[in-house]
Amino acid sequence: MPATDASPTYPSILAGERRAEGPRHAVHNPWDGSLVGHAAYADAAAVRAAIDAAVAAAPAARAMPAHARARLLERVGCGVADRKEELAQLLAREAGKPIANARLELERTLFVFEYAAEEAKRLGGEVYPTDLLPQGERRLAVARRFPLAPIAGILPFNFPLLLAAHKLGPALAVGATMVLKAPPQDPLSTLLLGEIVAGALGECGWPAGTLSVLATSVEDAAPLLDDPRVRMVSFTGSARAGWAIRARAATKRVVLELGGNAGVVVAPDADLDHAARRCAAGGYAYAGQSCISTQRILVHEAVHDAFVERFVAAVAALRTGDPLDAATDVGPMIDEAAAARAEGWIRDAVSAGARVATGGGRRGAVLEPTVLLDAAPRMQVVCEEVFAPVVAVRRYADFDAALAELDDSPYGLQAGLFTHDLRRILAAHERVEVGALVVNDVPGWRVDSLPYGGVKASGMGREGVRSAMEEMTELRLLVLG
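Residues numbered from 1 in each chain as written. Predicted model: local features only at pLDDT ≥ 70, side-chain atom pairs only at ≥ 80, totals over all residues. Heavy atoms only, no water.

*Asks:* Help me get a handle on the packing of helix α3 (residues 84–95) against helix α4 (residues 99–120), residues and values and all.
*Replies:* As a packed pair, α3 and α4 sit with axes 9 Å apart at the nearest point and diverge in direction by 130°. By the criterion of interaxial angle, the relationship of α3 to α4 is oblique. Crossing geometry of α3 relative to α4 is assigned as right-handed. Here α3 contributes K84, E85, L87, A88, Q89, L91 and A92 to the contact with α4, which in turn contributes I99, A102, R103, E105, L106, E107 and L110. Residue composition of the contact of α3 with α4, grouped by class: eight nonpolar, one polar and five charged. (Axes fitted to C-alpha atoms, helices over the stretch in contact; angles between N-to-C directions. Helix = DSSP H or I, 4+ residues; strand = E, 2+ residues; numbered from the N terminus. Parallel < 35°, antiparallel > 145°, perpendicular 65-115°, else oblique. Left-handed = near helix turned anticlockwise from the far one by under 90°. Contact = heavy atoms within 4.5 Å. Nonpolar A, V, L, I, M, F, W, Y, C, P; charged D, E, K, R; others polar.)

Following this line, the structure appears as structure tokens:
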């Protein structure tokens with residue numbers, strides 16, 4: 001579709017240069033269908049050229065000293081801060097993310113770049129003892145970290161700025177080059193971020209091939225997985241796509257941040273007002289389109305009714321509306337097809353005996369915040385990833401049985417537990433296979449400096465700035481005799 005004067009074109013960034021020629025992909029606001037802009041698409045030849053440039057730039061990027069890496073990331077942070085509201089408005093329009101959530105994503109994005117600048121100064125190595133055996137006497141062993149480069153980064157639609165920062169920030173902090181694939185549903189904010197980073201690279205004297213940010217199709221992005229020169233793939237997205245990537249890129253290092261089925265257990269000693277408020281926030285932020293969005297809540301039978309009363313009232317009070325309205329709590333899903341799918345899951349659950357306590361209706365891409373009661377464990381809304389503003393509440397009698405049900409999932413990303421009983425906390429930490437257990441808060445709680453990632457079908461490897469830097473480097477041992 002040709003671009004118009006009223007619909008700007010956001011270029012892909014190929015080896016630091018704006019690339020606006022070629023086909024355009026129209027991006028529409030999921031709230032009202034209005035045209036937000038066009039993304040300049042890159043074909044397979046452009047992807048291969050980006051890899052060529054990243055390979056060529058890798059030696060110079062790797063040689064950049066710590067102070068230069070930190071300065072670059074500080075400059076990126078300044079560039080993002082200068083255009084923070086522009087980025088937030090664009091994110092709200094193309095992704096349907098409520099503007100308050102979009103602004104929070106920008107704050108977190110800034111933090112990631114700022115923290116990466118600090119960690120760039122702390123990337124060191126380790127000295128190992130060698131005299132544990134006689135042949136090791138009078139020797140010295142030193143391990144240093146060197147970047148894997150180039151790295152392919154692949155983004156999902158739900159956090160196109162924050163997750164871009166979680167890939168770009170650590171990569172630049174270790175001196176790696178990267179080709180970043182923007183999400184097809186909402187690529188514009190990622191492309192604008194790429195333009196900001198490319199500008200900072202030029203100002204700081206880095207090789208242009210250090211970064212490419214491309215809007216491209218899955219088919220045209222195939223060289224990112226197939227080219228043997230690409231050393232690592234960092235993917236965030238669905239479990240189906242992630243494990244297919246893992247199989248295809250078997251000779252590369254692969255970090256996967258995949259789906260979830262986040263559960264919460266509410267113990268009888270929990271602060272019910274606090275638990276209800278946090279679960280209402282954790283289940284419906286960005287219309288539940290997060291892999292750590294609260295999806296199922298197990299409540300002890302002694303407090304079940306009291307919790308449900310508070311929780312349903314909190315969910316019913318959420319305001320659904322225009323993402324650009326600061327009063328909006330829940331906006332549209334990414335598109336109407338996603339909302340219709342979730343509506344079908346709700347309808348199937350009700351047909352099988354579940355009850356809708358609030359919500360359940362749909363208008364276009366907008367699905368009302370929904371609470372389901374009496375949903376059985378094998379219903380899709382309970383055992384699969386709904387990725388929508390839908391939460392199922394179930395009662396339990398025995399805490400050990402609740403932990404077993406919480407853990408009875410192919411996913412293992414994060415879980416929540418509301419209790420003040422240390423025995424319950426330690427039991428849950430030992431028994432529930434998740435990347436993180438969050439006590440007295442919801443699974444969606446996260447600080448971006450902490451290790452983040454899942455087990456089982458939820459992925460492999462860890463993000464969080466320091467953890468990602470370790471994933472993006474390899475240890476080389478030096479033995480001095």
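*Asks:* Requested: an account of the sheet that holds strand β22 (residues 436–439), with residues and values cited.
*Replies:* Through backbone hydrogen bonds, the strands of a sheet pair up, either in parallel or in antiparallel fashion. The seven strands lie next to each other as β15-β18-β19-β14-β13-β21-β22, forming an open sheet whose pairing is mixed. Edge positions in the sheet fall to β15 (355–358) and β22, since each has one partner strand and no second. Between one strand and the next, the sheet's axes are offset by a mean angle of 25°, whatever the strand orientation. As defined by bridge partners, strand β13 (residues 263–266) adjoins strand β21 (residues 414–418) across three bridges and the pair is classed as parallel. If you follow V264 over to β21, its bridge partner there is G416. Helix α9 (residues 272–284) rests against β13, β14 (296–300), β18 (370–373), β19 (390–396) and β21 of the sheet, and its axis sits at about 160° to β21. (Pairing = 2+ DSSP bridges.)

*Asks:* I'd like a description of the packing of aromatic side chains, backed by residues and values.
*Replies:* All told, the structure shown has four aromatic pairs when counted by the stated rule. Taken together, a centroid distance of 6.0 Å and an interplanar angle of 90° make the contact between F157 and F387 edge-to-face. Of this pair, F157 sits in the loop between β8 (151–154) and α5 (162–174) while F387 sits in the loop between α12 (380–383) and β19; the two residues are 230 residues apart in sequence, bridging distant segments of the chain. The exposure classification of F157 matches that of F387, with both residues buried. Both rings, one in Y284 and one in F311, keep their centres 6.4 Å apart while their planes meet at 35°; by these two values the pair is tilted. Placement of Y284 in helix α9 and of F311 in helix α10 (residues 304–316) is noted, with a sequence separation of 27 residues between them. Residue class for Y284 comes out buried when judged on its relative accessible area of 1%. Residue F311 is classed as buried on the basis of its relative accessible area of 0%. A network of ring pairs unites the aromatic residues Y284, F307 and F311 as a single cluster. In this structure, R424 is placed above the aromatic ring of F399, and the distance from its NZ or CZ to the ring centre is 5.7 Å. (Phe/Tyr/Trp six-rings, centres within 6.5 Å; stacked < 30°, edge-to-face > 60°. Buried < 20%, exposed > 50% of the residue type's maximum accessible area, 1.4 Å probe, protein only. Lys NZ or Arg CZ within 6 Å of the ring centre and 35° of its normal.)

*Asks:* Lay out the side chain of T473 with the relevant residues and their values.
*Replies:* With respect to the helices and strands, the residue T473 is situated in strand β25 (residues 473–480). Here the side chain of T473 touches M469 through a polar contact of 3.0 Å, landing on its backbone oxygen. A polar side-chain atom of T473 sits 3.2 Å from the main-chain carbonyl oxygen of E470. Contacts of T473, omitting those with residues within four sequence positions, involve R145, F146, P147, L148, V174 and R253. (Polar contact = N/O pair within 3.5 Å; in protein donor to acceptor, adjacent residues only side chain to side chain.)

*Asks:* Can you tell me about α9, naming the residues and giving the values?
*Replies:* Since the α-helix packs 3.6 residues into each turn, any two residues three or four apart lie on the same face. The end-to-end C-alpha separation of α9 is 18 Å, in line with the 18 Å expected for 13 residues at 1.5 Å each. Of all the residues in α9, the buried ones are L272, A275, A276, C279, A280, G282, G283 and Y284. Elements in contact with the buried residues of α9: β13, β14, α10, β18, β19 and β21. Of the residues flanking the start of α9, the one acting as N-cap is D271, its side-chain oxygen 3.3 Å from the backbone nitrogen of D273. (Expected span 1.5 Å × (residues − 1).)

*Asks:* Residue-level account of the pairing of strand β4 (residues 24–28), with values.
*Replies:* Pairing of β4 with strand β5 (residues 35–40) involves five bridges; the strand directions are antiparallel. Looking at the pairing, R24 lines up with A40 of β5. Counted along the chain from β4 to the antiparallel partner β5, the turn is six residues long, and its residue G33 has a positive phi close to 80°.

*Asks:* Any details on the pattern of salt bridges? Residues and values, ideally.
*Replies:* If you walk through the whole model with that rule in mind, you get 34 salt bridges. D269 is paired through a salt bridge with R424; the nearest N and O atoms lie 3.3 Å apart. A residue pair is termed long-range when its members are at least 10 positions apart, and D269 in the loop between β13 and α9 and R424 in helix α14 (residues 422–431) qualify at 155 residues. Classification of R424 as partly exposed rests on a relative accessible area of 21%. A salt bridge links D407 to K456; its shortest N-O distance comes to 3.4 Å. Here the residue D407 occupies a position in helix α13 (residues 399–407), and K456 occupies one in strand β23 (residues 455–456), the gap between them amounting to 49 residues. By relative accessible area, which is 18% here, D407 ends up buried. Classification of K456 by relative accessible area gives partly exposed; the value is 30%. Through salt bridges that share partners, E118, E119, R122, R466 and E470 make up one connected network. (Salt bridge = Lys/Arg side-chain N within 4 Å of Asp/Glu carboxyl O.)

*Asks:* Break down the environment of V447 for me, citing the residues and quoting the values.
*Replies:* By the secondary structure assignment, V447 is in the loop between β22 and β23. Here the alpha-carbon distance between V447 and H300, two residues 147 residues apart in the chain, equals 29 Å.

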